[in-house]
Amino acid sequence: MKRYGKLYPKIYDIDNLRRAHKNAKKGKGWYKEVKLVDENPEEYLARLQEMLINKTYHTSEYKTFIRNDTGKERLIYKLPYFPDRICQWAILQIIEPYLLKTFTDDTYSAIPEKGIHLCLYKLKHAMQTDISGCQYCLKLDVKKYYPSIDHAILKMQYRRLFKDKDLLWLLDEIIDSTPGGVGIPIGNYLSQYSGNLYLSSFDHWIKEVKRVKHYFRYMDDIVIFGENKSDLHKLKDDIAEYFRMNLKLEIKENWQVFPSYIRGVDYVGYRVFLDYVLLRKRTCKRMKKKLNRINKDRMEGRDLNYSKWCAINSYKGWLMHCDSYRLQQKYIAPIQEYADAYYQRNIKSKNKKGGKKA
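Residues numbered from 1 in each chain as written. Predicted model: local features only at pLDDT ≥ 70, side-chain atom pairs only at ≥ 80, totals over all residues. Heavy atoms only, no water.

A. How the structure looks around the sheet that holds strand β8 (residues 270-272). The strand order across the open sheet formed by three strands is β7-β8-β9, and the pairing between neighbours is antiparallel. Since the sheet does not close on itself, it has two edges, and those belong to β7 (265-267) and β9 (277-279), each with one partner. Here the average twist between neighbouring strands, direction ignored, is 25°. Note: β8 against β9, three bridges, orientation antiparallel. (Pairing = 2+ DSSP bridges. Helix = DSSP H or I, 4+ residues; strand = E, 2+ residues; numbered from the N terminus. Axes fitted to C-alpha atoms, helices over the stretch in contact; angles between N-to-C directions.)

B. Fine view of the environment of Glu 227. As for its position among the elements, Glu 227 is in the loop between β5 (221-226) and α12 (229-247). Overall, Glu 227 belongs to the exposed group, its relative accessible area being 56%. Residues in contact with Glu 227, not counting those within four places in the same chain, are Ser 132, Gly 133, Gln 135 and Tyr 136. (Buried < 20%, exposed > 50% of the residue type's maximum accessible area, 1.4 Å probe, protein only. Contact = heavy atoms within 4.5 Å.)

C. Representation of the side chain of Glu 173 in the model. Locating Glu 173 in the fold gives a position in helix α9 (residues 165-175). There is no salt bridge for the buried Glu 173, and the closest opposite charge comes from Lys 155, which lies 9.8 Å off by N-O distance. In terms of polar contacts, Glu 173 uses its side chain to reach the backbone amide nitrogen of Thr 59, at 2.6 Å. (Lys, Arg positive; Asp, Glu negative; His and termini not counted. Salt bridge = Lys/Arg side-chain N within 4 Å of Asp/Glu carboxyl O. Polar contact = N/O pair within 3.5 Å; in protein donor to acceptor, adjacent residues only side chain to side chain.)

D. Quick look at the sheet that holds strand β6 (residues 256-259). Pairing in this open sheet of four strands is antiparallel, and the strands run β4-β5-β3-β6 from one edge to the other. A single partner strand is all that each edge strand has here, and the edge strands are β4 (215-218) and β6. Between one strand axis and the next, the sheet turns through 20° on average, direction left out of account. Taken together, the four bridges between β4 and β5 define a ladder with antiparallel strand orientation. Bridge pairing in β5 links Tyr 215 to Ile 224. Strands in contact with helix α6 (residues 116-129) are β4 and β5; relative to β4, the strand with the most contacts, it is inclined by about 160°.

E. Geometry of a positive patch on the surface. Side chains of Arg 263, Arg 271, Lys 281, Lys 285, Lys 288 and Lys 330 sit close together on the surface and give a patch of like positive charge. Broken down by element, the positive patch gets its largest block of residues, three residues, from helix α14 (residues 281-299). Of note, Lys 330 is situated in helix α16 (residues 325-352). (Patch = residues over 30% accessible without salt bridge, like charges linked within 9 Å, V, L, I, M, F, W, Y side chains within 5 Å. Areas by Shrake-Rupley, 256 points an atom, 1.4 Å probe, with all protein chains shown as cover. Charge placed at Lys NZ, Arg CZ, Asp CG, Glu CD.)

F. Expanded view of unusual backbone geometry. Following Phe 82, the chain continues to Pro 83 via a peptide bond in cis, the omega torsion being 5°. Here Pro 83 lies in helix α5 (residues 81-102). The phi dihedral of Glu 113 is positive, around 60°, even though this residue is not glycine. You can see Glu 113 is positioned in the loop between α5 and α6.

Printed below as a string of structure tokens:
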């Protein structure tokens, strides 16, 4: 594998830092800490540049909180906007192209233009065009993935890709910002790419050594198709051994091998069958609850706000990728005019005047 160097000066280049600030603050312009930097961005960016040039940058102390994500509790880590979030954007703006080169086409999470819906369409295409090869599905994920990532292994993976000692110092500084030598913070921008890099060698092993034809990975959620159950059970055992020996990971206990077309494949928010796609059950329940509350506001004469307008459009986006005519008629149609009126009054008109979103 080719190793890349001479990247560190590009990270602290002032134009790269300006771009990092611009990207990091998207959708967060109302944050107090973002406004503070915006009052004098050149001064703040010059300070960050000096920290990086002199190698005095140290990851700030994390704030942590628990987020309940569809019944799953996750410990989320949050860093200050300055200098940390700007710094991580500055790093990734430079190293992202090299990271992307190492990923296989079967990796979808946290990659530009390779998100949930591309993964869905690729999976659906496989099921529709290779019925004999997709008769059975192995579905698994990694047990406590982010908290189990070994710092030494992750750092070695970065060293296989980069030879720039200054860049590696900075990456090490961020990786080791959580104690104990194991685990990377959920919430760090860099962690999304580190999570993909950590499993990249496994992706190549699956495709190039095991010769698996239909393989999909969305971070640590993995789907593999096969012609029969016995082959997939054997592959599961091989994967468990690879994880243990090479990555110090374990397969979560809820792995399954099942008939793909009878049960349908529940993945990336949808349930995929041969001829149709449904919205995942728990996503559908959350959508109904949220949109019913918004419809109640409409009927009782309350104004729509920006957050709820975004929720409507988000669910419309989910529904457009599956067979959802009845859901759209029941839950979207009654509030569409309500949402359109809000857009005309609060967003389109302000954009015309050069204002910001409400």
